[in-house]
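Okay, here's what each chain looks like letter by letter:
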Amino acid sequence: MRRTLALATMLGAVWAGVAAADGGGPSPGPSLGPPGVLDHARSIRYVTLSAGKATLVEAVGTRGGKILRWTSLRGMLGLPMVAWDGSMGGLTRDGTHLVVASPFFARSTRFALLDAGTLKVLAHTRLPGSWAFDALSPDGSTMYLIQYLGRYGSVSQPYAVRALNWDTDRLYPDAIVDKREPDEKMNGQPITRAGSPNGWAYTLYQRLGKRPFVHALDTVHRRAFCVDLPWRDSVDWIATVKMRVRGETLELSRGGRTITRMDRKTLEVS
Amino acid sequence: MDPRGAERCIESVCKEEKMKRALLLGLLVAGVSVLVEAASGAGPSPGVALGSPGVVSRDGKVRYVAMQAGRSGTLVESITTRGGTVRHARFLKGRFGVPLVAYDRSTGGLSHDGRRLVVYWPASGLGHAKTRFVVLNPRTLRVRSRLTLSGNFGFDALSPDGSLMYLIQLKGGSNGSGLNYDVRALDVSTGHLYPGSIVDRREPEEKMTGIPMTRSGSADANWAYTLYSRPSGGAFVHALHTTAREAFCIDVPLAVRDEQLGRVRMRVTADALVLRLGRKTLATIDRRTFEVKH
C-alpha cells in the first residue's frame, strides 16, 4: 500500500508541478488507502487498499473500526479525490452508490459503480485515454468526468467536463459547459468542494494569472456555471478557504470568517 | 503455584462420538458469519479469522484484521476503532488469518506489550503438512519474521512480550480423529520449538483432548485460561502460564447441558476465575490453588 501511496503522491507532486506551471490541474485523481470517503451520516468509511494485483474495497464502521463488508476487484482502483484539500467523492449523498476509478495515466481509464450496501459491482466502464472522476448525480445514474483532451501532463492541459449515463454505459454528447460562455476553456486547480442536498457540486478553482472561480455543477440536469470571485492576490491563502452550503447560499470562509457569499439561485456574489 | 485437587481430564471415546461432538460444538458456538472464515474446522484449534472482528489492542484503540486479497494473498490491516481509519496495511503473499483461540471466536495473536502480532494459516492434514506463521510489528505492520513448522499446528497463546508462542500440535491419535494434541512452546526469536510438550506435570502421561470453548486471560497476560469441552462430556479449564511454560488442567463440573457450554463465559478477577452462564455464576476457581467452588 505504501508503494502505491508513494506512487500516487509522486504523481500528485508531478501533477501539482505541471498544474502550477500552466494553471490547469483539473483532478487530483483516485486515492488508495486512508482516509477514504465517509458517508453522510459519518457512520461508515469506505476505503480502497492495494493488495497485490487486486484492490480491496472496504466499508469500515467508524464506531469500532470493524470491516462491515468488503470486495476484491482486479487491478488498481481508488476512490476519487475531487479537490486538492483532500475532498473525496465517489459516494452518493444517500450512501447507496460508490464509484472507484483507475489512475488516469494509462492508455485507458476504468470506472466501476458499486452498490455501497453490498459492494457488488453494478456496472463498469473503460474509457480510452485519461479521465478522472468529478461528481455523481444523487441517484448515481450519471457520472461526471474530467476528460483530458491532450496527452496527460502536457503543458496547458486542456480538458472538458463530460457526463456518462451508467444505465447505458454511454457518454452524453458534448461537454458540460457554462452556456453563457460556451467558448471559454476550462482550466484551473480544484481547491475545495462542497455539495448540496439537491445535487449541486460546488468546486473552488484557482487559476494562474486570473481570479479564482466557483464551478457550480448541477448533477441532476447536466449543466454548469462558472462564477468568478472578486478576490485579488488570493494565491497565498486560497488553499485555506472552506466552503459550505447553507440554505440558498454558498459560503466561502477563511479562518472561520465568511469572506464571500454566493446566491445559489442567482449566482450573484457578495 | 502448586495446585492441589486439580484433576486431569481425559477420557477415551469412540471416533464417531468425538467427531460428532466436535462438529456439533463447533457449529453451536462458532456460528456463521460472512466476514469470518474459520479454517481448520472443528478440533482443538478453531483456526483463523478473516475480516472483523480481528484482534483489538489492549488500549482498545486499534483493531487488527487479516483480509483475503485475491486468490493467494492476505492484507493485514490496522484500523482505528474510533473513526475507522486504516492506519497501516501490509500485503503478504500466501493466506494468513488472525488466530482464533476458542470457538466463541475469541482471538489472539497480539502480545500484551503490543510489539508482536502473529498471523498464520493452518496446515491441512497431518502427513507432510507445514504450518506457516508471520510475526509482524503491530505499529508498522512490517514483517519481523516468518516461521514454517513441519506438522499441523494451531496457535494457542503468546507470552506477554511475545517471545514465546504456544501452539497446539495436532496428532493423529490411534483413531485418526485428529483430536489428540500436544501443547508446544516456540521461541519466537529463533523459530525453534522447545523440546517436549507443555503438560500438567502431575499427570504427564495423560493425553490432551477437548474443544476450546472460550478464553480469558489475566490482566498481565501471564495466564491464559481456556474452557475446554471434553469429547465425552463435561468441561475443564486449561490454565497456561505463558511465561513459565507450565500448564494445569482443572476439572470443572458444570451444571449445564452440553449445548449450553458454548454460552459459558469466563472472567478473570484478581484472585479467581469466574465461569458464568448469562447472569448465573456456575463456578469460581481460585487462581492460586485451583480449587473449584460452586
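In this text, all values refer to a predicted model and were calculated from it rather than measured experimentally. (Residues numbered from 1 in each chain as written. Chains lettered and ligands numbered in written order. Predicted model: local features only at pLDDT ≥ 70, side-chain atom pairs only at ≥ 80, totals over all residues.)

## Regarding the overall build of chain A
Right, so step 1: Counting secondary structure elements, chain A contains one helix and 20 strands.
Right, so step 2: Here chain A holds 270 residues, and the buried ones make up 46% of them.
Right, so step 3: Here the analysis covers contacts within chain A between residues at least 6 apart in sequence; of these, 45% occur between residues at least 24 apart. (Helix = DSSP H or I, 4+ residues; strand = E, 2+ residues; numbered from the N terminus. Buried ≥ 20, exposed ≤ 12 C-beta atoms within 10 Å, placed from the backbone. Contact = placed C-beta atoms within 7 Å.)

## Details of the overall build of chain B
Right, so step 1: Across its full length, chain B holds one helix and 21 strands.
Right, so step 2: Considering chain B as a whole, with its 294 residues, one finds that 50% of them fall into the buried category.
Right, so step 3: Sequence-distant contacts, at least 24 apart, represent 50% of the contacts inside chain B between residues at least 6 apart.

## Description of the interface of chain B and chain A
Right, so step 1: Taken together, the contact pairs 20 residues of chain B with 21 residues of chain A.
Right, so step 2: If you list the elements that add at least two residues to the side of chain B that touches chain A, you get strand 3 (62-69), strand 4 (73-80) and strand 5 (86-93) of chain B.
Right, so step 3: Looking at the side of chain B that touches chain A residue by residue, the classes come out as ten nonpolar, nine polar and one charged. (Nonpolar A, V, L, I, M, F, W, Y, C, P; charged D, E, K, R; others polar.)

## So, the confidence of the model for chain A
All names here are of chain A.
Right, so step 1: Summarising the model, chain A shows a mean pLDDT of 87, and 89% of its residues fall at 70 or more.
Right, so step 2: The secondary structure element of chain A with the lowest average pLDDT is helix 1 (residues 2-22), at 35, and the one with the highest is strand 7 (residues 97-101), at 98.
Right, so step 3: In this model, residues 1-24 is a region of pLDDT below 50 whose contacts with residues beyond four sequence positions or in other chains number 35 contacts. (pLDDT = per-residue confidence, 0-100.)

## Here's the deal with the sheet that holds strand 14 (residues 211-217) of chain B
Residue and element names in this part refer to chain B.
Right, so step 1: Strands sit in the order 14-15-16-17 across an open sheet of four strands; the sheet is antiparallel. With partners counted over all chains shown, the strands left at the sheet margins are strand 14 and strand 17 (246-251), one partner each. Each adjacent strand pair in this sheet contributes to an overall mean axis angle of 20°, direction not counted.
Right, so step 2: Across six bridges, the pairing between strand 16 (residues 235-241) and strand 17 is antiparallel. (Pairing = 2+ DSSP bridges. Axes fitted to C-alpha atoms, helices over the stretch in contact; angles between N-to-C directions.)

## Here's the deal with the environment of G262 of chain B
Right, so step 1: Relative to the helices and strands, G262 of chain B resides in the loop between strand 17 and strand 18 (264-268).
Right, so step 2: Considered as a pair, G262 of chain B and L170 of chain B are 92 residues apart in the sequence and their alpha carbons are 22 Å apart.

## What about the pairing of strand 11 (residues 142-148) of chain A?
Residue and element names in this part refer to chain A.
Right, so step 1: In terms of residue burial, strand 11 counts as a mostly covered element, since seven of its seven residues are buried.
Right, so step 2: Every second residue of strand 11 is oriented toward a common face, with T142, Y144, I146 and Y148 on one face and M143, L145 and Q147 on the other, all of them buried.
Right, so step 3: Examined bridge by bridge, strand 10 (residues 131-136) and strand 11 share five bridges and lie antiparallel to one another. Looking across to strand 11, one finds that L136 is bridged to M143.

## Concerning unusual backbone geometry
Right, so step 1: Looking along the chain, the bond that leaves P34 of chain A and enters P35 of chain A is cis, with omega of 5°.
Right, so step 2: The linkage connecting S52 of chain B with the following residue, P53 of chain B, adopts the cis geometry, with an omega of 15°.
Right, so step 3: By the element assignment, P53 of chain B lies in the loop between strand 1 (48-49) and strand 2 (55-56).
Right, so step 4: Of note, R42 of chain A is a non-glycine position whose phi angle comes to about 60°, a positive value.
Right, so step 5: Inspection of the secondary structure assignment puts R42 of chain A in the loop between strand 2 (37-38) and strand 3 (44-51).
Right, so step 6: Positioned with a positive phi, D174 of chain A is a non-glycine residue whose angle comes to about 70°.
Right, so step 7: Within the secondary structure layout, D174 of chain A lies in the loop between strand 13 (170-171) and strand 14 (189-195).
Right, so step 8: For D174 of chain A, a count of 11 C-beta atoms within 10 Å translates into the label exposed.

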